Amino acid sequence: MIRAVCTTVAACLLAQATWCFVGPSTPSLPNKAPSSASSGSSISAASDASGQAPSWAGWNPLTFGVALGLLAAVAGSRPAVAADLENGEAIFNGNCTACHAGGNNSVNAEKKIKKPELEKYLTGGYNVAAIKTQVTNGKNSMPAFGDKLGPDDIDDVANWVYNQADKWD
């Protein structure tokens, strides 16, 4: 729900900015001779009659296209988020639960991945960077996942473990 509201607000702001910077303007035209002395163009005759250029004359199609392209890119893309916790949980469940179900450690029971144990045993302390290093390179009995998982997946699982570590009982 909040994502839809934020996207709508962003689209409205972008539309307003487009109107302010790309929208038609009515340039002032110099006074010309009467339309009978002009070149006979229907546009110049119409603009001479009203004293202003037609409303579509100020739209630059290239600029308008760029603005629409930016709107599509912003509205259609995923927001830049530090980590995808849902993906992190899926990666953890697929790769880590065999040894670390419920935040425990089935190989070395005292080195759980719960917050107190991470603060005590994790090289670098209780932070996402240290968890990423451990997942990427492995240590002791833990295998390295740097070749198996991509950098985004490692980032996601490290953030998920960091957020989950104080929630496990």
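Residues numbered from 1 in each chain as written. Predicted model: local features only at pLDDT ≥ 70, side-chain atom pairs only at ≥ 80, totals over all residues. Heavy atoms only, no water.

A. Structural view of the confidence of the model for the protein. Across the protein, pLDDT averages 78, with 67% of residues at or above 70. Confidence scores differ between elements of the protein, with helix H2 (residues 42-50) showing the lowest mean pLDDT of 49 and helix H7 (residues 128-137) the highest of 95. Segment residues 44-48 is flagged for pLDDT under 50; beyond a separation of four residues in sequence, or across chains, it makes nine contacts in the model. (pLDDT = per-residue confidence, 0-100. Helix = DSSP H or I, 4+ residues; strand = E, 2+ residues; numbered from the N terminus. Contact = heavy atoms within 4.5 Å.)

B. Fine view of the side chain of His 100. Mapping His 100 onto the fold places it in helix H5 (residues 97-100). Accessibility expressed as a relative area gives 12% for His 100, which makes it buried. If we ignore the near neighbours within four places in the chain, the residues touching His 100 are Phe 92, Asn 105 and Ile 113. (Buried < 20%, exposed > 50% of the residue type's maximum accessible area, 1.4 Å probe, protein only.)

C. Region of the structure containing the environment of Val 135. Of note, Val 135 is situated in helix H7. Between the C-alpha atoms of Val 135 and Asp 155, which are 20 residues apart in sequence, the distance is 9.3 Å.

D. Local environment of the pattern of salt bridges. Per the stated rule, a full pass over the model turns up one salt bridge. With its nearest N and O atoms 3.5 Å apart, the salt bridge here joins Lys 132 to Asp 155. Within this pair, whereas Lys 132 is found in helix H7, its partner Asp 155 is found in helix H8 (residues 151-164), the two being separated by 23 residues in sequence. Asp 155 sits in the buried class, given a relative accessible area of 18%. (Salt bridge = Lys/Arg side-chain N within 4 Å of Asp/Glu carboxyl O.)

E. Structural context of a nonpolar patch on the surface. Together, Ile 2, Val 5, Val 9 and Leu 13 line one region of the surface with nonpolar side chains, adding up to about 390 Å² of accessible area. Relative to the assigned elements, Leu 13 resides in helix H1 (residues 2-22). (Patch = residues over 30% accessible without salt bridge, like charges linked within 9 Å, V, L, I, M, F, W, Y side chains within 5 Å. Areas by Shrake-Rupley, 256 points an atom, 1.4 Å probe, with all protein chains shown as cover.)

F. Quick peek at the packing of aromatic side chains. Inspection of the entire model under this criterion finds four aromatic pairs. One aromatic cluster is present, formed by Phe 92, Trp 160 and Trp 168 through successive ring pairs. (Phe/Tyr/Trp six-rings, centres within 6.5 Å; stacked < 30°, edge-to-face > 60°.)

G. Looking closely at the packing of H7 against H8. The N-to-C vectors of H7 and H8 enclose an angle of 125 degrees; their axes lie 9 Å apart at closest approach. One element, H7, and the other, H8, form an angle in the oblique class. Here the hand of the crossing between H7 and H8 comes out right-handed. Contact residues: H7 offers Val 128, Ile 131, Lys 132, Val 135 and Thr 136, while H8 offers Ile 154, Asp 155, Val 157, Ala 158, Asn 159, Val 161 and Tyr 162. For the contact of H7 with H8, the class distribution of residues is eight nonpolar, two polar and two charged. (Axes fitted to C-alpha atoms, helices over the stretch in contact; angles between N-to-C directions. Parallel < 35°, antiparallel > 145°, perpendicular 65-115°, else oblique. Left-handed = near helix turned anticlockwise from the far one by under 90°. Nonpolar A, V, L, I, M, F, W, Y, C, P; charged D, E, K, R; others polar.)

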